[in-house]
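# A look at the structure
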Amino acid sequence: MLSCSNILSTFFAFVTIGGCFLSTNALYNNSIRPERLPPFVRFSNPDLMSSDVGDGSSFPFDTTQEDADPLKLGGIRLREEAKKLSARLRRLSNEEMGITTMQTIFDSLGYVVSSPDYEVKLSELSKQLGIKLSQYLGVLRTSKMTVENLYQQHLLVSTGQPLDCCEIPNSALKWDENYESLVSHEFSCDLLPPTAVGPGVFNPGRNLTEVFQHNVQYIQSIKWQYFVSTEGIYNEFPAHNCQSSLLSGCKNAYDCRHRNLFYSSVYQRRKNVVVVIDQGNSLSPVQLKIAKAVAKHIINSLNENDQVAVMSVSSDVKFSRNDRCVLDQLAHLTYEAKLFHHFFIDHVVKETTPMNHSLAFKTAFSLIRKSKLSGVPGKPADVLIAYISRGLLSTIADAKGIISTLYDEIVRTSDRVFINTYAVIDETKPVMYERSFLQDIAEQNFSKFLADQHLSIPPLRGKAVAVNSTHNLCAVVGDIFEPFGWTVDNLPILSLPVKDELGKGTVVSLTWPCLHDSHLFGVVGMDIHAGDVLESATYYTEDNSYVIVLNNRGKVLVHPDLDRPILSSIQPLFTDLIHFENIADAADLQKRMAQETKGQETVFLQAPVNSTRGVSNNMRVGSLGPGSADYYWQHITMKHSNQTVFIVVLKVFRDSRRYLKPNSAMNDTQLVYHRLDLLSTDHSCIHLKQLATFDVSTFFLTASAFVHPFDHLIQDETKRMVQGYLAYLNDNTNLISNPGILDHIRMDVMATSVINSEWLRQSIRSGLSEHIVRRYVATPNGVFRVFPGTLLNKKYDPTRRQWYIRALERPGKVTLTPPYLDSGGAGYIVTISHTIYEGKPAALHGPSDRVTAVMGLDVPFKYVYRLLTEQLPVCELENIRCFIMDDRGYLVAHRGLIEANDRGPLEEKHITHKEPLVSNDILNHRGFVTKRACHSFMDRTTQRFYQFNTSLDGILTNLVHGEHCARYQITPIFGTNSFIGIVNQTCDMIRAFCPCSTVDRLCLNCHRMEQTECECPCECPLSMNFCSDDIIQANESKGSCSRYPEEIDTVKALPESGRTLPQCYQPNCGQKLKKTECIGVIDCEWCEVDNDRVTRVKQPFCASQRMCFGGVLGAQSPYNDHIPYRELPKEDPITFKSMPVGPVAGGIMGGFLLLALGIYCHRHRICQDSRYSGSLPDGQLRDPNNENDFDEMDDSYNGYINIVLSTFDNPAKINPYFMNTSYRRPTNTESDLGYSSMTPRDDSEQASTACMESVVMGRDRYRPAVPVVRPPTSGAALTILPPPPPVHSARKQKPLVEVESNTSVLERDFGVEPMQTVIPDRMTLLPHQVVTDVVIHATNAH
């Protein structure tokens, strides 16, 4: 056992081992002091701690490995077993998935060769983007003209009917999916500052509602429309009350809602700001809080084009980041810089020393001079110092020295410097000279203090503001940049895409100043879905090329490695092209793109950088690998300003491609669209959690299959629209008009439809139906076909899922995807996928062929482990562990994945997590595994990952001088992306481990990556240079990671009409009596652990995932549909078999019943109770581990129900023909002699059995059956089957007749319990008598 008291001084990060959590990466940002550093863990093997840092060329070990001796692993020849497993996976792909059939289909189709003109294609893309911009500007211009007309009328007659957004009740709003907020499209509303009241204040109010409504009808992608006046009025459409926003309350929304856009439109030149925060010892907690709020308000009023410096001052100066760039100059306010500034401001604390005002001004002016802000000699730049302070002085005489220092600094500075002072006021503290002093600084009142000096420069007056609250800061602080004066050019401004603070996705803001006789009175604007603005680039699907979009500063807005804007959940990082395109002289190419409005250049591609997710950007679908590529680009200018706003770039790998001939594929079945809720089939049902049909496959069209992808995503599909799709796609006459689908989509739909009959036939005849969740195929153009036919989420895109991307990385191979949670309700699944090549009937296919489709097959993840153990039964031994991992080291099958637990999701379990001893050893094998890294610009991280060599020839074993506590062998599974491994652990001592964080994915040491040091796949923060707005680690040439596979739910929410439909598939988990029969079956779990997560159930059983997710009884289901433990039925979950009962035995039973009924009626005369109890749900189970279940039953609901063995003083309240709802026909019998036809609560049976009662004979009765050996004379063994589970409806009563010493004659002589019916060994038979074994069927007293 490792101790957490040992210290490993070489590493600084998160480490978890043996329950000890170590956190030190924060040391780099000074959040943890060295003296408070937690202890570290030390490796037991010091040889693992090489101090060399390199790329893996130096190894601390002798890399000679042992021979692959089968005797060390029980005689297993792993190479041969891998070949057998490969054959099973290949057969599964060919037969169940239909790879060979689908490839034959595409090989039989006709193709035409085309060489597109990419300059024309680029022109079309640019034109589409230009048209959209023109449409947006036209709509915004209408709003602008309306507001200006309303203002002109306002000057004559004051109008305006304000409606406070914060006062709108939720009942007046409705949830809108496109806004992801409660909104109303019936009216607009206002955010009103306290100062903007009175008849003279201009408020267009409801007069703009009709215009805004018409704008949305014309362009549905418009999200928010607003008007912001110079007096502080904020009018927005659609109306909302900010309850769904990320803002802290509706009243606070006014202080930040689009405030930065207002200032960027009013002051269209770059703004330079230095924020100084007083943290001296004179501040009260209230004053410090106000100072922080004012500083953050000023930061939020700026945008990415502005330059900022933030510092706090007492007796010394602190900056927001210990970066030379920040210490020496003002930096661009990028999104990352804004986050750092906010973090710094939040952590400003009051110091023990007073504020040094002179030091603050000297530092601020030094930064201004070093920044060289003007850029043009002789033309000074305007700079604002926002001075936030209490203004307290030690003595009044100190004011003169501070003003003198300020004057000297201004004289030395060539730029025009304005100072706004913000006096933070605490009403509980007296104010003497502070406000007057701060006002003198703002007005640069040098003459008051320096009357004896000759003043050579005129003062530049700023604003002096007193702030006593953190509320309504926008109104209190006012126009921050008023000293600059208006610099309005009356031109529209387009912003970078930003995360919508009121919903999901990113938006682009377009604003335009509103003027009257050159007088500015407000700004009108609108937020547009970035997904619509950039849709032509985002949904471009040509497989031999892709589109990049840059803004006018050269920042990448659209790239295949970035997420779709409509699904962005975080603010994207916009950086230079050089970080995305791994080409030589990328910086020169980007510079040329910025300077030339149109151009083309051929470049050489460097070796691709392997990414952690998907295909490298230099190895896209259909590419031939490293070689040359052509870049075409064209500028997009904005009307009215003629300024470049976008640069569209088209990257092409090769010049020609083949297209399917029209009508070369004919549909052999009726097309069924996935919208089964609109056009249902005859046999719709529920497949797990999806509306589905098993009659036919359905096809789904992604957004990229439509002419206007974004419109398709935000519009609700109607029945008429779906009928239009089907009519067009089924039309072979070309007479039906196209409903907006791209022309080449029809051929993909027809080609994939041919597989439908094969899937349907295979689903019927296959012996693996209970293991296959679904089959599907996807094309790069956006056609997706699935069986069983299923209702899908409109935003789903299969080409952006991991199974699709990984198959493209390994064309022609069977690809296994590590387990992930199925949104369709199947639990954790593994996808087996395979590529389909473009048709070549006369030639063999190879990895260089163009991929025209990818097929997939979903199976429960435990089914893969089942295949493994069936191939290698030795894997079930205690000290033997077998596994399958993919080429990144992520486990597909491992004993640790199927063990009963509910510790969390199974995604991304790596070999370093489960087999650290093996991981440490294999890292020292040359050529087998390589550590790599790439930059992820979506989440701002550097990802570290492993790449395993699937071309390994032979078996990997322990190094001669390596780890021998665990003997292992690893070999590739031929024709797949995976490896098979077997481990024989010979000792329990842990001699090495791979450090991993249990709270995040932070790396052990972000400043070091050594090939031979074992660490789990991890990530490091992506550090940015504030000055250059560039990546600090850029010199490492890591390249960009491919985009994350989209995690959007595949399933569309089940409609109300579908919730009453039956399940398509009944797994019958209760009939699986063995673990080998249960694991890998859809919706079944082998229940082994009780609800306490520790105790193992006495008799494991197979149950539904809802009851026993992960093998734990009553465990929380990720679908939140689990049956809580307290609601689980308490019957014994054993499925019993019964033997058929003959007619004679039935007659005998009837006689007993009549006799019991007669005696009962004789003794009781009348019935006291004739009511039936309510029936229990089907399949109710009791907890087999809880022996107190029966003691805890309700007294009115416990009893023994075997009528024959009940005493007459305690007759059974039971209908002898009433069938238990949990009864199942016995297996391996020819007939159940009519029991299966029995139905509960037959009216003819109620009268005669209403008064029966029963008693409990003993708790042991409900235990599993045990073999009972008859006396030696019988010469045979008999298994006594217990009666069915009890019904909780009888009283607790003792049997009338006690058995001496708790042992009956049956128990003493035959070893059976008294409640069992046993046929004597010998008996004299009379004529026409038959002797047979009889099981008395229990019946419910319901």
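Residues numbered from 1 in each chain as written. Predicted model: local features only at pLDDT ≥ 70, side-chain atom pairs only at ≥ 80, totals over all residues. Heavy atoms only, no water.

### Observations regarding the overall build of the chain
Scanning the chain for helices and strands turns up 31 helices and 49 strands. Among the 1342 residues that make up the chain, the fraction classed as buried is 56%. The contacts in the chain between residues at least 6 apart in sequence include a share of 73% that link residues at least 24 apart. (Helix = DSSP H or I, 4+ residues; strand = E, 2+ residues; numbered from the N terminus. Buried < 20%, exposed > 50% of the residue type's maximum accessible area, 1.4 Å probe, protein only. Contact = heavy atoms within 4.5 Å.)

### A word on helix α6 (residues 259-266)
Along α6, seven of the eight residues are buried, which leaves the element largely enclosed by surrounding structure. Residues of α6 that are buried include every one of Arg259, Leu261, Phe262, Tyr263, Ser264, Ser265 and Val266, and no others. Lining the buried residues of α6 we find β7 (222-229), α14 (473-477), β16 (493-494), β18 (506-516) and β19 (519-529).

### A few points about the state of the cysteines
Throughout the structure, instances matching the rule amount to 11 disulfides. Here Cys1006 is linked by a disulfide to Cys1020, with a sulfur-sulfur distance of 2.3 Å. Measuring the twist about the S-S bond at about -100 degrees, one finds the Cys1006-Cys1020 disulfide to be left-handed. Separated by 14 residues along the polypeptide, Cys1006 in the loop between β42 (978-985) and β43 (1018-1021) and Cys1020 in strand β43 bring together distant segments of the chain. (Disulfide = S-S within 2.5 Å.)

### Some details on the pattern of salt bridges
The full count for this structure, using the stated rule, is 51 salt bridges. Here Glu535 ties to Lys132 by a salt bridge, and the two come within 3.3 Å at their closest N and O atoms. Of the two residues, Glu535 is situated in helix α16 (residues 535-538) and Lys132 in helix α3 (residues 118-156); the sequence distance between them amounts to 403 residues. Residue class for Lys132 comes out buried when judged on its relative accessible area of 14%. Lys370 is paired through a salt bridge with Asp328; the nearest N and O atoms lie 3.9 Å apart. A residue pair is termed long-range when its members are at least 10 positions apart, and Lys370 in helix α10 (residues 357-371) and Asp328 in helix α8 (residues 324-328) qualify at 42 residues. Here Asp328 falls in the partly exposed class, since its relative accessible area comes to 27%. (Salt bridge = Lys/Arg side-chain N within 4 Å of Asp/Glu carboxyl O.)

### Considerations on the packing of helix α7 (residues 285-300) against helix α9 (residues 335-346)
Each pair of packed helices can be described by the angle between their axes along with the distance between the axes. Interhelical geometry of α7 versus α9 gives an angle of 175 degrees and a closest axis separation of 10 Å. Compared by their axis directions, α7 and α9 come out roughly antiparallel. Contact residues: Lys292, Ala295, Lys296, Ile299 and Asn300 in α7; Lys338, His342, Ile345 and Asp346 in α9. Across the contact of α7 with α9, the residue classes tally to three nonpolar, two polar and four charged. (Axes fitted to C-alpha atoms, helices over the stretch in contact; angles between N-to-C directions. Parallel < 35°, antiparallel > 145°, perpendicular 65-115°, else oblique. Nonpolar A, V, L, I, M, F, W, Y, C, P; charged D, E, K, R; others polar.)

### Quick word on empty space enclosed by the protein
Size it by volume and the second largest cavity reaches roughly 90 Å³. Lining the second largest cavity we find 13 residues, and of these Tyr828, Pro860, Cys1084, Glu1085 and Gln1105 sit closest to its centre. Broken down by secondary-structure element, the contributors of at least two residues to the lining of the second largest cavity are β34 (827-837), α23 (861-871) and β46 (1084-1089). Class assignment of the residues belonging to the lining of the second largest cavity gives a composition of seven nonpolar, three polar and three charged. (1 Å grid on protein atoms, 1.4 Å probe; cavity = no way out; pocket = protein on both sides within 12 Å on 5 of 7 lines; lining within 4 Å. Points joined across faces, edges and corners; volume = space filled by probe spheres on them.)

### Focus on the sheet that holds strand β20 (residues 545-551)
By way of backbone hydrogen bonds, the strands of a sheet pair with one another, either parallel or antiparallel. With antiparallel pairing, the five strands of this open sheet are ordered in space as β21-β20-β24-β23-β22. The outermost strands of the open sheet, each flanked by one partner alone, are β21 (556-558) and β22 (598-604). The mean angle between the axes of side-by-side strands here comes to 30 degrees, regardless of whether they run parallel or antiparallel. Here strand β23 (residues 628-638) pairs with strand β24 (residues 643-652) via nine bridges, running antiparallel. Paired with Thr637 across the bridge in β24 is Thr644. Contacts from α3 reach β20, β23 and β24 within the one sheet, and its direction differs from that of β23 by about 25 degrees. Lying on the sheet, helix α17 (residues 586-595) is in contact with β20, β22, β23 and β24; it crosses β23 at an angle near 35 degrees. (Pairing = 2+ DSSP bridges.)

### Observations regarding the environment of Tyr540
When you line up the elements, Tyr540 lands in the loop between α16 and β20. The buried category is assigned to Tyr540, whose relative accessible area is 17%. Expressed as a C-alpha distance, the spacing of Tyr540 and Pro560, which sit 20 residues apart in the sequence, is 9.7 Å. Sequence-distant contacts of Tyr540, that is, excluding residues within four places in its chain, are made with Tyr118, Lys121, Leu125, Ser545, Tyr546, Val547 and Leu650. Among the polar contacts listed, one links the side chain of Tyr540 to the side chain of Ser545, at a separation of 2.7 Å. (Polar contact = N/O pair within 3.5 Å; in protein donor to acceptor, adjacent residues only side chain to side chain.)

### What about unusual backbone geometry?
The linkage connecting Phe237 with the following residue, Pro238, adopts the cis geometry, with an omega of -5 degrees. Structurally, Pro238 can be placed in the loop between β8 (234-237) and α5 (250-253). In the Ramachandran plot, Asn734 falls in the positive-phi region, its phi being about 60 degrees despite a non-glycine side chain. Mapped onto the secondary structure, Asn734 falls in the loop between α19 (719-730) and α20 (745-753). Judged by relative accessible area, Asn734 falls into the exposed class, the value being 53%.

### Focus on the nonpolar core
Core analysis: the biggest nonpolar cluster contains 76 residues, and Met855, Leu868, Ile884, Met885, Ile922, Phe928 and Ile970 have the highest contact counts within it. What Phe928 contacts, discounting residues up to four positions off in sequence, is Met885, Ile922, Gln947, Phe948, Asn949, Leu952, Leu956, Ile970 and Phe979. Core analysis: the second largest hydrophobic core is formed by 54 residues, Trp224, Ile277, Val467 and Ile480 among them. (Core = buried A, V, L, I, M, F, W, Y, C linked by side-chain atoms within 4.5 Å.)

### Thoughts on a nonpolar patch on the surface
Taken together, the side chains of Ile396, Met432 and Tyr433 present a nonpolar region at the surface, about 370 Å² in accessible area. Here Tyr433 is to be found in the loop between β14 (416-424) and α12 (434-442). (Patch = residues over 30% accessible without salt bridge, like charges linked within 9 Å, V, L, I, M, F, W, Y side chains within 5 Å. Areas by Shrake-Rupley, 256 points an atom, 1.4 Å probe, with all protein chains shown as cover.)

### Remarks on the packing of aromatic side chains
To describe a pair of aromatic rings, one takes the distance between the centres and the angle between the planes. Summed over all chains, the structure comprises 34 aromatic pairs. On the numbers, 4.7 Å between centres and 40 degrees between planes, the contact of Phe580 with Phe937 is tilted. Of this pair, Phe580 sits in the loop between β21 and α17 while Phe937 sits in the loop between β38 (929-936) and β39 (941-948), placing them 357 residues apart in sequence. Judged on exposure class, the residue Phe580 and its partner Phe937 are both buried. Ring pairs connect the aromatic residues Phe262, Tyr263, Tyr267, Phe418, Phe481 and Phe484, which therefore count as one cluster. For Arg746, the ring lying beneath its charged end belongs to Tyr728, and the centroid distance is 4.4 Å. (Phe/Tyr/Trp six-rings, centres within 6.5 Å; stacked < 30°, edge-to-face > 60°. Lys NZ or Arg CZ within 6 Å of the ring centre and 35° of its normal.)

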